[in-house]
Every structure is written in C-alpha cells, then in structure tokens.
Amino acid sequence: MLLEADRAALIEACSGLELVEQGPLLERLSHDQFCFSPLLKPQLQPCLADLVVRVKQPHEVLQVAAACYRLGIPLTPRGAGSGNYGQCVPLQGGVVLDTSGLEQVRSFNSSTGLLTAEPGCKLLELDQWLQPQGWALRLAPSTWRTATLGGFIAGGSSGVGSLRWGLLRDPGNLLGLEVVTVEAEPRLLQLGPAQAQALNHAYGSNGIFTAITVPTAPWQNWQELVLELPDRPKALALAAQLGVAALEIDALCYLEQRLAQQLPDLPELATARGDRLLLLASPCSIPVIEQLTAQAGGCLVWQRPQWPPKGLLLRELCWNHTTLQMRSLDPSFTYQLVLLPEPELAFIDAIDGHWPGWLHWHLERVRQGGKQRWVGLPVFPWRGEEQFIALNQAMAAAGGLVFNAHAITVEAGGLGVVDGDQVAAKFANDPKGLLNPGKLKGYVEAIGQA
C-alpha cells in the first residue's frame, strides 16, 4: 500500500487522466486469467494496484511514467488481461497502466502489408480493418476476440499462424516498437527490429509500448475443418503428412477422442467417435486433405469458412481455449506446456505409463527453428503440487522441453533461460526497476549481485 502522502501526490500528478481508485473495477484491472493455475491463484489473488490509470494518448503515458519515477512507485502496463501467467498483475502494488485506450492504427502500407498500430488495438478488430484491404495478422492467440496487440507482444508466445510463421519471438514477427522509458524525463524511443527484440515477450518489464510495427500476410479465406481418425498414431502420422504436403494450412490441432467428446460441439458436428485434427486450411487444399485423410482411414466430418467470424470459432477449441472449455465443465482442470521430442508417440506413452488416464492429450503443430514440431498443452485434473512436479520431471526425463505455465517470471514461463538483452534493456529503460517488478528473473538476480 502507498503512503497517503505518496498516493495524494500520485493522484495530483495524474490530474486530467482517468483513474480507478477502488472497487471491483480496480480488482479486475489488477488481475488476469491466472486462475487457470492452482499454484498462481493463491499467490496472485491478493495482489492489487493502489491505482489504475487508463490512458488514451501517448503523452499521457509519459506523464504517468514521470510521476512514478519521481515518487518511486511501481508501474505495471496492462492490455486486455487475457494472459494466464499473471503477466500484468502488480506484485508490489503501485500503478497499473491500462493501455487499452491506445487503439489507433498509425499507418498501414497496402503494398507491403506493414502495419503500425497502438497497443490497445484488439486483434480481431485489426483483422476486420485489414480484411477489406486484402491483408491479415500473421499470428493471434485463441483469445483473438479480446486480446490486444500490445498484450500479445508483451505476454504471448505463439498461436494460430505459428504453423506457418513460427513463434512470436522468431526474427521477422516483430519489426518495431515505440517505447516509453521510466525516467525523470521519460524518453519516447523508436526501436527497429533488432532493438525491439529485447522487449518482445518481456511482460512490459523493460519498456511501455505506445506503438507496435508488425508484418501482415495476404488475406486467405481459411476454412475450418475437423478430421476424425481411428486412433492417435494415424492422427499424428496424417498431421505430419499434411505438414510436408504442398498445402496452405494456418493451424493444426490434435485432440484425443475423450477430450474432443467433452468440448462444445460446433453446429451440426457429430459426437467424436475418434481422435480429431482441427485445421484452418485454404479452400484449394481441401480435396487433397480429404484424399489423404481417407487413405489414413479417417474422414472430414465438418467444414465452414472462418470469415466472417461469428458464433463459436474452431480456434476457440484450440490453444488455451481448450483448457478454458474443460475448466468450464470442471474447474479442477489445468494444463502444462511442453515441446514434444521426436518420436512423439514414445514420449506420450512414457508419460501415460506413469499416470494412466490422467492427462488428456491436446497438441498444437508449430514451426520451431524452421521445423514443424508438436507443442503439447495436455489438460488434467489437479492432483496436488507434488504430482505436478513429478509430471514436469517425467516430461523432462522423456526429452520434453517444459515451459512452465504455473510460474510468474518471464524466464520460468517461457524462455527458460535469462536473456541478457532483456536485462540490459531494463537497466537502460527503467533505471529504478519500477516496471512490473518481480517478473524479470535475470534483473532480480543482477541487482542482487550488484
């Protein structure tokens, strides 16, 4: 809690801005979807901002940054709050800076597809703006309807489109940032691709975004497809075959039968009688997909254009919406993230051998390091921290690379190792360490050694 004098000085310094000082809205804007994790929920539920400031113009961000620096008050940027790791939760109170009001498209080149937009722009609304011009975002999480561009760059990692374009931190997916520093006289930095990379997926701990530049892709009339296969080996073999064929596929998800049976059905979609592959594919790819599926002993059971988006979307049965759908049926369900080794079936069998029937297997196909791989987001009912730790150890022992979905720091949740460039950017842009404190492990360790 802020001292009363500091609180009064902060409110005076933020004169003319929209403030949230108490009540349910303050609590909502202090939290995200950390409730997915039984470990994060007790840690993060008590965390509240002393004040939320909602900005609509870049100069207002400069005003707030200067006030927080002068008073030594923690400052945590926030988008839509659709993350699951507590990315925008203020661990030390202070100010939450709600950037969702920064929602202007700054520029768009219809010849090259280069887009510069403010961080509060919602991803679906950007796609609705781009589509008549023949373009679309490359990457988007399953929270496409609600997530903001800034929140996705700061706290996301992959999603629909990662099969074609790789992970968010892969070079080429972020081309520039406009960033506010937290100093006595905050600077407005214009960063190119190389400099921006240090702020990509850093939870807003080393700079406040006021504009983001990303490449877009030519718009495609993606078709939502559901394929049904007799068993897991045939489903995974078909997925690998589709991946190397000359087909345009934007997303490919695997759901084992008992998981698919529990998810909400899309309209007119029959109850699952086998394992499923969920795809976004171009119209001209469908005849070949049907042929290869039939040869694998399966069939195409459902098809619909994704655009215009309405009702329950296929992408809302994929990525972390799979976990969300299961939690709506049983809140004891949670998940973990793991990059599967090859051969994948041996890995899955090894884990199932430890705990038969516990994990419900959900996989997403991505391009990682130029090669197609499976990322696992298996869902399972929580059985306590001891068994969860044993699960992570077993996955690692079987060759999986675990990205812990139940950790607070940038490094534990995604990168796995300290990124020296991220830490250096924090020292340069946030000399008092006020931005989203406690989330960048490398910085905490660096100042501990100083």
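Residues numbered from 1 in each chain as written. Predicted model: local features only at pLDDT ≥ 70, side-chain atom pairs only at ≥ 80, totals over all residues. Heavy atoms only, no water.

Visitor: Go over the side chain of His360, please, and point to the residues and values.
Guide: Within the secondary structure layout, His360 lies in the loop between helix 13 (344–354) and strand 17 (362–368). Residue His360 is classed as buried on the basis of its relative accessible area, which comes to 7%. In terms of polar contacts, His360 uses its side chain to reach the side chain of Arg258, at 3.4 Å. Here His360 is in contact with Glu256, Arg258, Leu259, Gln262, Phe333, Pro378 and Val379, once residues within four sequence places are set aside. (Helix = DSSP H or I, 4+ residues; strand = E, 2+ residues; numbered from the N terminus. Buried < 20%, exposed > 50% of the residue type's maximum accessible area, 1.4 Å probe, protein only. Polar contact = N/O pair within 3.5 Å; in protein donor to acceptor, adjacent residues only side chain to side chain. Contact = heavy atoms within 4.5 Å.)

Visitor: Account for the pairing of strand 13 (residues 275–281), naming residues and giving values.
Guide: For strand 13, the tally of buried residues reaches seven of seven residues, placing the bulk of the element in the interior. Because side chains alternate across strand 13, one face comprises the buried residues Asp275, Leu277, Leu279 and Ala281, and the other comprises Arg276, Leu278 and Leu280, equally buried. Bridge count for strand 11 (residues 223–229) against strand 13 is seven bridges, and the pairing is antiparallel. Within strand 13, the residue paired with Leu227 across the bridge is Leu277. In terms of strand pairing, strand 12 (residues 249–255) meets strand 13 through six bridges, oriented antiparallel. Each residue of the ladder has a partner; that of Cys253, found in strand 13, is Leu278. (Pairing = 2+ DSSP bridges.)

Visitor: Requested: an account of the pairing of strand 6 (residues 114–117), with residues and values cited.
Guide: Judged from the four bridges that link them, strand 5 (residues 105–109) and strand 6 form a sheet pairing that is antiparallel. When the sheet's bridge partners are listed, Ser107 is paired in strand 6 with Thr116. Across four bridges, the pairing between strand 6 and strand 10 (residues 208–218) is antiparallel. Bridge assignment links Ala117 to a residue of strand 10, and that residue is Ile212.

Visitor: Please give an account of the packing of aromatic side chains that cites residues and values.
Guide: Counted according to the given criterion, the structure contains nine aromatic pairs. Centre to centre, the rings of Phe108 and Trp129 are 5.7 Å apart; their planes meet at 80 degrees, and the pair counts as edge-to-face. Remark: Trp129 occurs in helix 5 (residues 123–130) and Phe108 occurs in strand 5; sequence separation between them is 21 residues. With 6.3 Å between their ring centres and 75 degrees between their planes, Phe108 and Trp135 make a pair best called edge-to-face. With Phe108 in strand 5 and Trp135 in strand 7 (residues 135–137), this residue pair connects regions lying 27 residues apart in the sequence. Judged on exposure class, the residue Phe108 and its partner Trp135 are both buried. Joined through ring pairs, the aromatic side chains of Phe108, Trp129 and Trp135 make up one cluster. (Phe/Tyr/Trp six-rings, centres within 6.5 Å; stacked < 30°, edge-to-face > 60°.)

Visitor: Describe in detail helix 11 (residues 286–295), supporting the description with residues and values.
Guide: Listed as buried for helix 11 are Ile286, Ile289, Leu292 and Thr293. Relative to the axis of helix 11, the buried residues are bounded by an arc of 130 degrees and lie together on one face. Opposite the packed face of helix 11, turned more than 90 degrees from it, sit the exposed residues Pro287 and Gln295. Check the buried side of helix 11 and you find it contacts strand 11, helix 9 (232–244), strand 13 and strand 14 (299–305). Looking one or two residues past helix 11, Gly297 carries a phi angle of roughly 90 degrees, positive in sign. (Arc of directions from axis to C-beta.)

Visitor: Report on the sheet that holds strand 11, specifying residues and quantitative values.
Guide: Here eight strands make up an open sheet; going across it, the order is 14-11-13-12-17-18-16-20 and the pairing antiparallel. At either end of the open sheet lies a strand with only one pairing partner, and these are strand 14 and strand 20 (401–403). Averaged over all adjacent pairs, the angle separating strand axes in this sheet is 25 degrees, with direction ignored. The strands touched by helix 11 within the sheet are strand 11, strand 13 and strand 14, with strand 11 carrying the most contacts at an inclination of about 10 degrees. (Axes fitted to C-alpha atoms, helices over the stretch in contact; angles between N-to-C directions.)

Visitor: Account for the sheet that holds strand 3 (residues 75–78), naming residues and giving values.
Guide: In spatial order, the strands read 1-2-4-3; together these four strands make up an open sheet with mixed pairing. The two strands at the open ends of the sheet, each matched to only one other strand, are strand 1 (18–20) and strand 3. Between one strand axis and the next, the sheet turns by 25 degrees as a mean value, whatever way the strands run. Pairing analysis gives four bridges linking strand 2 (residues 51–54) to strand 4 (residues 95–98), with the strands arranged parallel. Paired with Val52 across the strands is Val96, a residue of strand 4. The strands touched by helix 4 (residues 58–71) within the sheet are strand 2, strand 3 and strand 4, with strand 4 carrying the most contacts at an inclination of about 170 degrees.

Visitor: Hey, could you go over the packing of helix 9 against helix 11 for me, with residue numbers and the actual values?
Guide: Two elements in contact, helix 9 and helix 11, have axes separated by 10 Å at closest approach and are oriented at 150 degrees. Judged by the angle between their axes, helix 9 and helix 11 are roughly antiparallel. The interaxial crossing formed by helix 9 with helix 11 has right-handed handedness. Between helix 9 and helix 11, the contacting residues are Leu238, Gln241 and Leu242 on the first element and Ile289, Leu292 and Thr293 on the second. Classifying every residue of the contact of helix 9 with helix 11 by side-chain character gives four nonpolar, two polar and no charged. (Parallel < 35°, antiparallel > 145°, perpendicular 65-115°, else oblique. Left-handed = near helix turned anticlockwise from the far one by under 90°. Nonpolar A, V, L, I, M, F, W, Y, C, P; charged D, E, K, R; others polar.)

Visitor: I'd love a proper account of the side chain of Thr210, names of residues and values included.
Guide: On the secondary structure map, Thr210 appears in strand 10. Separated by 2.7 Å, the side chains of Thr210 and Glu178 make a polar contact. When residues no more than four places from it in sequence are discounted, the contact partners of Thr210 are Pro58, Val61, Leu102, Arg106, Glu118, Pro119, Glu178, Val179, Val180 and Leu188.

Just distances and angles here, no functional claims.
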